Amino acid sequence: METERITELLSSCGAFSVFRAISKGAVAAESSGDAEAFEKTLAALTMGGYRLTSKRESGENCFAALSGGTRRLMVSRFAADGMLRITLEQMPCATPLETRGGARYSAVTLTQFATHTSYSTRVRGSASGMGYVLRLRDGRLIVIDGGFHLAPDFGDDYPSFRDLLWELSDGKRPQIALWVLTHAHIDHYGLLRSWKPEDAEIGAYLATLPPDGISDAACADMAESVPFFAEKTVTAHTGDLFDFGDVQLEVFYTCEDLAWSNPEALSRDLNNQSLIFAVRTGGEQILFTGDARYPALDRAARTAGERIQSAVCQIPHHGRTVAGDNDAMSRIAPKVALWPACRTQIDYDSSHIEGVNAWIFGADSTVTDHFVANDGSVTLTLPYRAVGRVSVTLPSL
């Protein structure tokens, strides 16, 4: 077995744990280690026949990918934890859709989609749905979640989201380079239950599902609902970097980061399985958090360090978070807040003002511009320059 081969090669590199499942798509072994140990580990693997295909630093963290075995192999160093991780993928890796021409548009755009529940006047603390679309200059799209599918009392987001993709593609069949699925909540992936092959060409999905025994029913439903999920999925790992030319996407957190150290947090709250990742274009960073909150949001902030700071931030969990998220938000320090939420989720009375809301509406907030899904779908040209756009009723603390 390949894990046994790797274990033998690393026998002189410190006390690595045994390989075990870290997600549905990968197994991993971990050890304490600094930058020198990271280099020693790479040397042992390359001397053992693996070929180094990429290596980079992200802040104080280091990430490398190797080939030569049956599956992709990653070596990661997380400086904040003083930890090394060897990750071996267990499934073939799909490929995002490549460009098929030059620039068709003058700038990259980001659209915040208004789901049906964004317009609700009664939903309070319930799921609002979420959907974002990045259009690259060559016309390809990067899609993030989407919204509901025939949810009782919430409506169906499929027709309007499909129409949005066609509109952004000027009436031509959309070319989706990558469809990111943050986690297995139906208000995020549900509309894919209705998806048809003729609706768009999809290069790959980006998702990470927790290992067996954690949220099995929800994860199975998502995997079964997404067309060609097994064949087209890229398992995301912290440190992954995807380069689309105009846009780079870097993963800051996946459920793999808590799978061993705090599995209870993943089982107790499926929101903590959300991918957290940054999109960079034109010198600006946009952070997407899905429904993550403490401890997932805190883990991402500690791992990324200063790189977590983002001019634009999709507000975690539709604005309903916990007090432990204040510190992470202060590190992110956004100027622009994207709210995938209805107004009743923002305009809490004082007893509900905590976490992200407490920071955003508090004295230390850096946010000047608010875009709320309740106001309808909106498209921003990137990089977006904050202008002091306040369209929310600021609760009094």
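Structure first, text after, so check above.
Please read all numbers here as calculations on a predicted model, not as lab measurements.

Draft legend 1. Representation of the overall build of the protein in the model. The helix and strand tally for the protein stands at 11 helices and 21 strands. Taken over 397 residues, the protein has a buried fraction of 59%. Working note: accessible area of the protein is about 15,300 Å², and carbon and sulfur atoms make up 50% of it.

Draft legend 2. Structural context of the pattern of salt bridges. Under the counting rule described, the total for this entry stands at 19 salt bridges. A salt bridge links aspartate 216 to lysine 24, with the nearest nitrogen and oxygen atoms 3.6 Å apart. Taken together, the residues span a long stretch of sequence, with aspartate 216 in helix 5 (residues 216-225) and lysine 24 in the loop between strand 1 (20-23) and strand 2 (26-32) at a distance of 192 residues. Accessibility expressed as a relative area gives 37% for aspartate 216, which makes it partly exposed.

Draft legend 3. Structural detail: the pairing of strand 4 (residues 61-67). Across the 7 residues of strand 4, 6 count as buried, placing the element largely inside the fold. Where strand 3 (residues 51-58) lies against strand 4, 7 bridges are found, and the strand directions are antiparallel. Its bridge partner lying in strand 4, serine 54 is registered against alanine 65. Where strand 3 folds back on strand 4, the antiparallel hairpin that results is connected by 2 residues, among which glycine 59 adopts a positive phi of roughly 65°. Pairing of strand 4 with strand 5 (residues 73-78), which is carried by 5 bridges, proceeds in the antiparallel orientation. In the strand pairing of strand 5, alanine 65 is matched with methionine 74.

Draft legend 4. Inspection of helix 1 (residues 2-9) at higher detail. Within the sequence span of helix 1, burial applies to Glu2, Thr3 and Ile6. Projected down its long axis, helix 1 carries its buried residues within an arc of 100°, all on one side. Those residues of helix 1 that are exposed and aimed more than 90 degrees away from the buried face are Glu4 and Glu8. Among the structural elements, strand 2, helix 2 (35-47), strand 5 and strand 6 (83-89) are those in contact with the buried residues of helix 1.

Draft legend 5. Broad picture of empty space enclosed by the protein. Under the definition given, this model contains 2 cavities of 30 Å³ or more. Counting only elements with at least two residues in the lining of the largest cavity, the list comes to strand 4, strand 15 (248-253) and helix 8 (296-304). Among the elements that take part in the lining of the largest cavity, strand 15 stands out by supplying 3 residues, more than any other. Split by residue class, the lining of the largest cavity holds 4 nonpolar, 5 polar and 1 charged. Looking at the second largest cavity, its volume works out to about 30 Å³. As for the second largest cavity, its lining consists of Thr182, His183, Ala184, Thr208, Leu209, Pro210, Cys219, Met222 and Gln273. In terms of residue class, the lining of the second largest cavity is built from 5 nonpolar, 4 polar and no charged.

Draft legend 6. Inspection of unusual backbone geometry at higher detail. A cis amide bond links tyrosine 294 to the next residue, proline 295, at an omega of 10°. In this structure, proline 295 sits in the loop between strand 17 (284-288) and helix 8. For the bond from leucine 382 to proline 383, the omega torsion is -5°, close enough to zero to count as cis. Residue position: proline 383 is located in the segment after strand 21 (378-382). One non-glycine residue, aspartate 170, adopts positive backbone phi at about 55°.

Draft legend 7. A look at the nonpolar core. Counting residues in each nonpolar core, the largest one holds 35 residues, and the members touching the most others are Phe252, Ile276, Leu287 and Trp339. The element that contributes the greatest number of residues to this core is helix 8, accounting for 5 residues. The contact partners of isoleucine 276, leaving out residues within four places of it in the chain, are Val251, Phe252, Tyr253, Leu287, Phe288, Thr289, Ala292, Ala296, Leu297 and Ala300. Counting 34 residues, the second largest nonpolar core, distinct from the first, contains Tyr132, Leu134, Leu249 and Val312.

Draft legend 8. How the structure looks around the side chain of serine 310. Among the structural elements, serine 310 can be located in the loop between helix 8 and strand 18 (312-314). Excluding its chain neighbours within four sequence positions, the residues that come into contact with serine 310 are Gln285, Leu287, Ile332, Ala333, Pro334 and Lys335.

Draft legend 9. Quick look at the sheet that holds strand 14 (residues 241-243). Spatially, 7 strands are ordered 14-15-16-17-18-19-20 in an open sheet, and the strand pairing comes out mixed. For this open sheet the edge positions go to strand 14 and strand 20 (369-372), each flanked by a neighbour on one side alone. Looking at each pair of strands side by side, their axes are set apart by 15° on average, direction ignored. Taken together, the 4 bridges between strand 19 (residues 336-339) and strand 20 define a ladder with parallel strand orientation. Bridge assignment links tryptophan 339 to a residue of strand 20, and that residue is valine 372.

Quick notes on the rules
Residues numbered from 1 in each chain as written. Predicted model: local features only at pLDDT ≥ 70, side-chain atom pairs only at ≥ 80, totals over all residues. Heavy atoms only, no water. Helix = DSSP H or I, 4+ residues; strand = E, 2+ residues; numbered from the N terminus. Buried < 20%, exposed > 50% of the residue type's maximum accessible area, 1.4 Å probe, protein only. Areas by Shrake-Rupley, 256 points an atom, 1.4 Å probe, with all protein chains shown as cover. Salt bridge = Lys/Arg side-chain N within 4 Å of Asp/Glu carboxyl O. Pairing = 2+ DSSP bridges. Arc of directions from axis to C-beta. Contact = heavy atoms within 4.5 Å. 1 Å grid on protein atoms, 1.4 Å probe; cavity = no way out; pocket = protein on both sides within 12 Å on 5 of 7 lines; lining within 4 Å. Points joined across faces, edges and corners; volume = space filled by probe spheres on them. Nonpolar A, V, L, I, M, F, W, Y, C, P; charged D, E, K, R; others polar. Core = buried A, V, L, I, M, F, W, Y, C linked by side-chain atoms within 4.5 Å. Axes fitted to C-alpha atoms, helices over the stretch in contact; angles between N-to-C directions.

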